Amino acid sequence: MSFYDSASGTVRRIYESRIHTPPILSAAADFPNSSRFTDAWQAIRDEALVVRTEKVPRFHEIMPEQADISANDGLDWRMFVLKAYDIPVAANLARMPVLASILAECPEVKSAAVSFLAPHKHIPRHRGPFRGIMRFHLGLQIPRLPGGRPATIMMIDDEEHRISDGECLLWDDTYPHEVMNLSDQPRTALLLDVWRPHMPADMEVLSRAIVSVVQLGMRYRGVSYSA
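Residues numbered from 1 in each chain as written. Predicted model: local features only at pLDDT ≥ 70, side-chain atom pairs only at ≥ 80, totals over all residues. Heavy atoms only, no water.

Description of the overall build of the protein
Part 1: Of the regular secondary structure elements, the protein holds nine helices and 11 strands.
Part 2: Taken over the C-alpha trace, the protein has a radius of gyration of 17 Å; the compact-globule value for 227 residues is 17 Å, and the two agree within 12%.
Part 3: Across the 227 residues of the protein, 51% fall into the buried class.
Part 4: For the protein, long-range pairs separated by at least 24 residues make up 79% of all intrachain contacts whose partners lie at least 6 apart in sequence.
Part 5: Accessible surface, the protein as shown: approximately 10700 Å² in total, 56% of it carbon and sulfur.
Part 6: Computed over 25 positive and 28 negative side-chain charges, the inter-centroid distance for the protein is 3 Å. (Helix = DSSP H or I, 4+ residues; strand = E, 2+ residues; numbered from the N terminus. Rg over C-alpha atoms; globule rule 2.2 N^0.38 Å. Buried < 20%, exposed > 50% of the residue type's maximum accessible area, 1.4 Å probe, protein only. Contact = heavy atoms within 4.5 Å. Areas by Shrake-Rupley, 256 points an atom, 1.4 Å probe, with all protein chains shown as cover. Lys, Arg positive; Asp, Glu negative; His and termini not counted. Charge placed at Lys NZ, Arg CZ, Asp CG, Glu CD.)

Shown next as C-alpha coordinates:
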(Lines give C-alpha, C1' and ligand atoms only; values in the text may rest on other atoms or scores of the structure.)
Protein backbone atom coordinates (compact mmCIF):
# COMPACT_ATOMS: atom_id res chain seq x y z
CA MET A 1 0.00 0.00 0.00
CA SER A 2 1.34 3.44 -0.92
CA PHE A 3 1.74 6.26 1.58
CA TYR A 4 -1.10 8.09 -0.17
CA ASP A 5 -3.45 5.11 0.23
CA SER A 6 -2.48 4.63 3.88
CA ALA A 7 -2.90 8.31 4.74
CA SER A 8 -6.20 8.48 2.85
CA GLY A 9 -7.56 5.51 4.77
CA THR A 10 -6.59 7.05 8.10
CA VAL A 11 -8.19 10.40 7.27
CA ARG A 12 -11.34 8.69 6.02
CA ARG A 13 -11.74 6.68 9.24
CA ILE A 14 -11.40 9.81 11.36
CA TYR A 15 -14.12 11.59 9.42
CA GLU A 16 -16.42 8.59 9.35
CA SER A 17 -16.32 8.43 13.15
CA ARG A 18 -17.45 12.07 13.45
CA ILE A 19 -19.53 12.91 10.36
CA HIS A 20 -22.41 10.62 9.43
CA THR A 21 -23.79 11.34 6.00
CA PRO A 22 -25.69 9.58 3.22
CA PRO A 23 -23.92 9.11 -0.12
CA ILE A 24 -26.33 11.41 -2.00
CA LEU A 25 -26.92 14.88 -0.59
CA SER A 26 -29.42 17.67 -1.19
CA ALA A 27 -27.95 20.38 -3.41
CA ALA A 28 -30.69 22.80 -2.38
CA ALA A 29 -30.08 22.30 1.35
CA ASP A 30 -26.33 21.62 1.51
CA PHE A 31 -25.12 23.78 -1.39
CA PRO A 32 -27.67 26.56 -1.99
CA ASN A 33 -25.38 28.28 -4.49
CA SER A 34 -25.66 25.23 -6.73
CA SER A 35 -28.52 27.01 -8.50
CA ARG A 36 -26.07 29.65 -9.75
CA PHE A 37 -24.26 26.95 -11.70
CA THR A 38 -27.33 25.10 -12.94
CA ASP A 39 -28.97 28.34 -14.07
CA ALA A 40 -25.90 29.16 -16.17
CA TRP A 41 -25.15 25.64 -17.39
CA GLN A 42 -25.52 26.46 -21.10
CA ALA A 43 -23.10 29.39 -20.92
CA ILE A 44 -20.66 27.26 -18.91
CA ARG A 45 -21.00 24.47 -21.49
CA ASP A 46 -20.31 26.86 -24.35
CA GLU A 47 -17.15 28.08 -22.62
CA ALA A 48 -16.01 24.53 -21.88
CA LEU A 49 -16.46 23.29 -25.43
CA VAL A 50 -14.10 25.96 -26.77
CA VAL A 51 -11.25 24.50 -24.71
CA ARG A 52 -8.86 22.44 -26.81
CA THR A 53 -9.02 19.17 -24.94
CA GLU A 54 -5.83 17.76 -26.43
CA LYS A 55 -3.91 20.43 -24.51
CA VAL A 56 -5.70 19.75 -21.21
CA PRO A 57 -3.64 17.59 -18.81
CA ARG A 58 -4.74 14.09 -17.92
CA PHE A 59 -5.72 13.65 -14.29
CA HIS A 60 -2.69 11.46 -13.47
CA GLU A 61 -0.41 14.11 -14.97
CA ILE A 62 -1.72 16.48 -12.31
CA MET A 63 -1.82 13.87 -9.53
CA PRO A 64 0.44 10.87 -10.17
CA GLU A 65 -1.12 9.16 -7.14
CA GLN A 66 -4.29 8.78 -9.21
CA ALA A 67 -2.71 6.79 -12.05
CA ASP A 68 -4.61 3.65 -11.03
CA ILE A 69 -7.93 5.28 -11.89
CA SER A 70 -6.81 7.72 -14.60
CA ALA A 71 -4.26 5.76 -16.65
CA ASN A 72 -5.85 2.35 -16.10
CA ASP A 73 -7.13 1.65 -19.62
CA GLY A 74 -5.20 3.96 -21.94
CA LEU A 75 -8.22 6.23 -22.44
CA ASP A 76 -8.18 9.88 -21.45
CA TRP A 77 -9.62 11.54 -18.40
CA ARG A 78 -8.61 15.17 -18.76
CA MET A 79 -9.14 17.92 -16.18
CA PHE A 80 -9.28 21.63 -17.02
CA VAL A 81 -8.65 23.00 -13.53
CA LEU A 82 -9.79 26.52 -12.70
CA LYS A 83 -9.27 26.41 -8.96
CA ALA A 84 -7.53 23.84 -6.75
CA TYR A 85 -8.08 24.00 -3.00
CA ASP A 86 -8.55 27.79 -3.14
CA ILE A 87 -5.52 28.32 -5.39
CA PRO A 88 -6.81 29.98 -8.59
CA VAL A 89 -5.49 29.10 -12.03
CA ALA A 90 -5.65 32.56 -13.55
CA ALA A 91 -5.02 31.55 -17.17
CA ASN A 92 -7.83 28.99 -17.12
CA LEU A 93 -10.26 31.27 -15.28
CA ALA A 94 -9.69 33.91 -17.95
CA ARG A 95 -10.83 31.45 -20.61
CA MET A 96 -14.16 30.80 -18.85
CA PRO A 97 -15.35 34.22 -17.63
CA VAL A 98 -18.95 33.20 -16.90
CA LEU A 99 -17.84 30.33 -14.71
CA ALA A 100 -15.10 32.47 -13.15
CA SER A 101 -17.65 35.12 -12.19
CA ILE A 102 -19.87 32.56 -10.45
CA LEU A 103 -16.93 30.98 -8.64
CA ALA A 104 -15.92 34.41 -7.31
CA GLU A 105 -19.31 34.63 -5.58
CA CYS A 106 -19.12 31.12 -4.05
CA PRO A 107 -16.25 30.91 -1.53
CA GLU A 108 -17.47 27.52 -0.33
CA VAL A 109 -16.26 26.05 -3.64
CA LYS A 110 -12.69 24.98 -2.91
CA SER A 111 -11.86 23.36 -6.26
CA ALA A 112 -13.38 23.58 -9.72
CA ALA A 113 -12.58 21.73 -12.93
CA VAL A 114 -14.17 20.77 -16.21
CA SER A 115 -13.85 17.02 -16.66
CA PHE A 116 -13.51 15.54 -20.15
CA LEU A 117 -14.10 11.78 -20.20
CA ALA A 118 -13.12 9.94 -23.37
CA PRO A 119 -15.54 7.58 -25.15
CA HIS A 120 -15.72 4.22 -23.33
CA LYS A 121 -13.48 5.46 -20.52
CA HIS A 122 -13.96 3.58 -17.23
CA ILE A 123 -12.86 5.14 -13.94
CA PRO A 124 -12.53 2.13 -11.62
CA ARG A 125 -14.16 1.85 -8.22
CA HIS A 126 -12.37 3.97 -5.62
CA ARG A 127 -12.99 6.23 -2.63
CA GLY A 128 -12.04 9.81 -1.83
CA PRO A 129 -10.31 10.46 1.51
CA PHE A 130 -11.81 13.72 2.68
CA ARG A 131 -15.35 14.07 4.07
CA GLY A 132 -14.74 17.77 4.74
CA ILE A 133 -15.82 18.48 1.18
CA MET A 134 -18.75 17.38 -0.98
CA ARG A 135 -18.55 16.61 -4.70
CA PHE A 136 -20.85 18.43 -7.13
CA HIS A 137 -21.38 17.23 -10.72
CA LEU A 138 -23.09 19.36 -13.37
CA GLY A 139 -23.74 17.79 -16.76
CA LEU A 140 -22.53 20.02 -19.60
CA GLN A 141 -22.47 17.66 -22.58
CA ILE A 142 -23.65 14.18 -21.66
CA PRO A 143 -23.86 11.69 -24.56
CA ARG A 144 -26.94 9.53 -24.89
CA LEU A 145 -27.52 5.90 -25.75
CA PRO A 146 -29.70 4.99 -28.77
CA GLY A 147 -32.74 4.71 -26.50
CA GLY A 148 -32.22 8.23 -25.17
CA ARG A 149 -30.80 7.46 -21.72
CA PRO A 150 -27.65 9.27 -20.56
CA ALA A 151 -24.65 7.14 -21.54
CA THR A 152 -22.52 8.04 -18.52
CA ILE A 153 -23.16 5.97 -15.41
CA MET A 154 -21.97 6.91 -11.94
CA MET A 155 -22.12 4.03 -9.49
CA ILE A 156 -22.11 5.53 -6.00
CA ASP A 157 -22.29 3.13 -3.06
CA ASP A 158 -23.48 0.46 -5.54
CA GLU A 159 -26.41 2.61 -6.72
CA GLU A 160 -26.65 3.75 -10.35
CA HIS A 161 -26.97 7.47 -11.08
CA ARG A 162 -27.22 9.24 -14.44
CA ILE A 163 -27.50 12.96 -15.09
CA SER A 164 -28.34 14.75 -18.34
CA ASP A 165 -27.25 18.13 -19.70
CA GLY A 166 -27.98 20.82 -17.12
CA GLU A 167 -28.70 18.34 -14.32
CA CYS A 168 -26.63 18.10 -11.17
CA LEU A 169 -25.75 15.70 -8.38
CA LEU A 170 -24.25 16.48 -4.96
CA TRP A 171 -22.66 13.51 -3.24
CA ASP A 172 -20.05 12.28 -0.79
CA ASP A 173 -17.10 10.83 -2.66
CA THR A 174 -15.75 8.96 0.36
CA TYR A 175 -18.30 6.29 -0.56
CA PRO A 176 -17.09 3.74 -3.14
CA HIS A 177 -17.81 4.97 -6.66
CA GLU A 178 -16.90 4.43 -10.29
CA VAL A 179 -17.78 6.08 -13.61
CA MET A 180 -18.37 4.60 -17.08
CA ASN A 181 -18.88 6.41 -20.37
CA LEU A 182 -20.71 3.84 -22.49
CA SER A 183 -20.88 5.97 -25.64
CA ASP A 184 -18.73 6.77 -28.67
CA GLN A 185 -18.72 10.45 -27.67
CA PRO A 186 -16.81 12.28 -24.91
CA ARG A 187 -18.58 13.36 -21.75
CA THR A 188 -18.09 16.89 -20.42
CA ALA A 189 -19.05 17.83 -16.86
CA LEU A 190 -18.30 20.49 -14.29
CA LEU A 191 -16.83 19.09 -11.06
CA LEU A 192 -16.76 21.15 -7.86
CA ASP A 193 -15.40 20.38 -4.41
CA VAL A 194 -17.67 22.19 -1.96
CA TRP A 195 -16.96 22.85 1.72
CA ARG A 196 -19.26 20.77 3.91
CA PRO A 197 -21.48 22.98 6.10
CA HIS A 198 -22.18 22.46 9.80
CA MET A 199 -19.21 20.23 10.59
CA PRO A 200 -18.33 19.53 14.24
CA ALA A 201 -15.78 22.06 15.47
CA ASP A 202 -12.92 19.56 15.62
CA MET A 203 -13.62 18.42 12.06
CA GLU A 204 -13.75 22.02 10.88
CA VAL A 205 -10.28 22.60 12.34
CA LEU A 206 -8.95 19.35 10.88
CA SER A 207 -10.43 20.17 7.47
CA ARG A 208 -8.76 23.57 7.36
CA ALA A 209 -5.46 21.98 8.37
CA ILE A 210 -5.76 19.39 5.58
CA VAL A 211 -6.47 22.10 3.00
CA SER A 212 -3.39 24.03 4.19
CA VAL A 213 -1.20 20.93 3.87
CA VAL A 214 -2.56 20.21 0.37
CA GLN A 215 -1.87 23.82 -0.67
CA LEU A 216 1.72 23.55 0.58
CA GLY A 217 2.17 20.31 -1.34
CA MET A 218 0.82 21.84 -4.53
CA ARG A 219 3.17 24.81 -4.28
CA TYR A 220 6.13 22.54 -3.51
CA ARG A 221 5.46 20.28 -6.48
CA GLY A 222 4.83 23.20 -8.81
CA VAL A 223 2.10 21.43 -10.79
CA SER A 224 0.93 23.27 -13.90
CA TYR A 225 -2.81 23.20 -14.57
CA SER A 226 -2.79 25.46 -17.59
CA ALA A 227 -3.86 24.12 -20.96
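What to know about the environment of aspartate 30
Part 1: Position of aspartate 30 relative to the elements: it lies in helix 2 (residues 27-30).
Part 2: Classification of aspartate 30 as partly exposed rests on a relative accessible area of 26%.
Part 3: Remark: the alpha-carbon pair of aspartate 30 and leucine 145, spanning 115 residues in sequence, is separated by 31 Å.
Part 4: Excluding its chain neighbours within four sequence positions, the residues that come into contact with aspartate 30 are Leu25, Met134, Leu170 and Pro197.

A closer look at the pattern of salt bridges
Part 1: Counted by the stated rule, this structure contains 19 salt bridges.
Part 2: Residue aspartate 193 is joined to arginine 135 by a salt bridge in which the shortest nitrogen-to-oxygen separation is 2.6 Å. Taken together, the residues aspartate 193 in strand 11 (residues 187-195) and arginine 135 in strand 6 (residues 133-141) connect sequence positions 58 residues apart.
Part 3: According to the relative accessible area criterion, aspartate 193 is buried, its value standing at 10%.
Part 4: Residue arginine 135 is classed as buried on the basis of its relative accessible area of 17%.
Part 5: Where glutamate 160 meets arginine 162, a salt bridge forms, and the shortest distance between an N and an O atom there is 2.8 Å.
Part 6: A network of salt bridges, in which partner residues are shared, links Arg58, Glu61, Asp76 and Arg78. (Salt bridge = Lys/Arg side-chain N within 4 Å of Asp/Glu carboxyl O.)

Section: the sheet that holds strand 1 (residues 24-25)
Part 1: Taken in spatial order, the seven strands make up an open sheet running 1-9-6-11-4-2-3, and their pairing is antiparallel. Two strands close off the open sheet at either side, each with one partner strand: strand 1 and strand 3 (87-88).
Part 2: Where strand 6 and strand 11 come together, eight bridges link them in antiparallel fashion. Each residue of the ladder has a partner; that of histidine 137, found in strand 11, is leucine 191. (Pairing = 2+ DSSP bridges.)

Re the sheet that holds strand 8 (residues 159-161)
Part 1: As summarised here, the arrangement of the four strands in space is 5-10-7-8, forming an open sheet in which the pairing is antiparallel. Lying at the two open borders of the sheet, with one neighbouring strand each, are strand 5 (122-126) and strand 8. Taken over all neighbouring pairs, the strand axes of this sheet differ in orientation by 20 degrees on average, direction set aside.
Part 2: Relative to strand 10 (residues 177-181), strand 5 is paired through three bridges, and the arrangement is antiparallel. Counted as the bridge partner of histidine 126 is histidine 177 from strand 10. (Axes fitted to C-alpha atoms, helices over the stretch in contact; angles between N-to-C directions.)

Structural notes on the pairing of strand 7 (residues 152-156)
Part 1: Counting buried residues along strand 7, four of its five residues qualify, which places the element largely inside the surrounding structure.
Part 2: Summarising the sheet, strand 7 and strand 10 pair through five bridges and their orientation is antiparallel. Within strand 10, the residue paired with methionine 154 across the bridge is valine 179.
Part 3: Taken together, the three bridges between strand 7 and strand 8 define a ladder with antiparallel strand orientation. Looking across to strand 8, one finds that methionine 154 is bridged to histidine 161.

Considerations on the pairing of strand 11
Part 1: Burial of strand 11 is extensive: nine of the nine residues sit out of reach of the surface.
Part 2: By the alternation rule, side chains of strand 11 split into Arg187, Ala189, Leu191, Asp193 and Trp195 and Thr188, Leu190, Leu192 and Val194, which are all buried.
Part 3: Bridge count between strand 4 (residues 109-117) and strand 11: eight bridges; the pairing is antiparallel. Counterpart to valine 109 in the pairing with strand 11 is valine 194.

Things to note about the environment of serine 115
Part 1: Tracing the backbone shows serine 115 in strand 4.
Part 2: Sequence separation between serine 115 and glutamine 185 is 70 residues, and the spatial gap between their C-alpha atoms is 14 Å.
Part 3: In this structure the side chain of serine 115 is engaged in a polar contact, spanning 2.5 Å, whose partner is the side chain of arginine 187. (Polar contact = N/O pair within 3.5 Å; in protein donor to acceptor, adjacent residues only side chain to side chain.)

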